[in-house]
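What follows is the residue order along each chain.
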Amino acid sequence: GEDGKFRALISQFDSEVKVEVQHRKRMTDDSMVSVTFENANDWSRLASKKVRKVMLAVAGTYKKGPEEFSWVKTNKKEVVARISWSRERRQWHHLSNGETVFFCDGDDPAQGPFTNGSDPGGSWYPYKVLASEMHGCPAPIYDRGFVMETHTFGPFKTGPPGEFFEVGELKLACK
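Report follows, based on the coordinates. Since this is a predicted model, take the numbers as computed values, not measurements.

Conventions and cut-offs
- Residues numbered from 1 in each chain as written.
- Predicted model: local features only at pLDDT ≥ 70, side-chain atom pairs only at ≥ 80, totals over all residues.
- Heavy atoms only, no water.
- Buried < 20%, exposed > 50% of the residue type's maximum accessible area, 1.4 Å probe, protein only.
- Helix = DSSP H or I, 4+ residues; strand = E, 2+ residues; numbered from the N terminus.
- Pairing = 2+ DSSP bridges.
- Contact = heavy atoms within 4.5 Å.

1. Regarding the pairing of strand β7 (residues 91-96)
Then, number 1: The buried fraction of β7 is high, at six of six residues.
Then, number 2: Neither face of β7 is exposed, since Gln91, His93 and Leu95 on one face and Trp92, His94 and Ser96 on the opposite face are all buried.
Then, number 3: The pairing of strand β6 (residues 78-86) with β7 spans six bridges and is classified as antiparallel. When the sheet's bridge partners are listed, Ile83 is paired in β7 with His94.
Then, number 4: The antiparallel hairpin formed by β6 and β7 contains four residues in its connecting segment, where Arg90 sits at a positive phi of about 55°.
Then, number 5: Direction of pairing for β7 relative to strand β8 (residues 99-105): antiparallel, over a ladder of six bridges.

Next up, the structure:
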């Protein structure tokens, strides 16, 4: 249903069924970084072609990179974007095609580049190459990645063909 609740099913024949439920769960480690833009559909139509191209390139899921304090987004075998800590500048840098497009000042690289409410990251800003073209476009949101979890309930005996079968209430502890 609209609220994520499974109401009932109609059985085609007397049988046993299992109900499989999938949901996203936020990771607790920093092995993946998820980069998104708030209300992307609202402002992306107004952005320049260059800005839309950069936003598309940087949005997505990043995996822990080979260097300390780095994450990479790959397209098959090549790295298309990178998030990394600059020791010299004490900043996080987000690069697309080797060019810095966003940056974030920081004190402790071990905290990671995260900007969601539960993590202590700072604010990200467009770098020189985009700063003049980013009017009205929000900076990316850097968050921990997600994993899909699957839970199976049942088996349930359906009863006679053509009848509604009430599954009852199935609860998951999702955090």
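Next comes the rest of the description.
2. Let's talk about the environment of Glu163
Then, number 1: When you line up the elements, Glu163 lands in the loop between β11 (146-157) and β12 (164-166).
Then, number 2: When its relative accessible area of 44% is taken as the criterion, Glu163 is described as partly exposed.
Then, number 3: Along the primary structure Glu163 and Phe13 are separated by 150 residues, whereas in three dimensions their C-alpha atoms are 9.1 Å apart.
Then, number 4: Setting aside its immediate chain neighbours within four residues, Glu163 contacts Leu9, Ile10 and Ser11.

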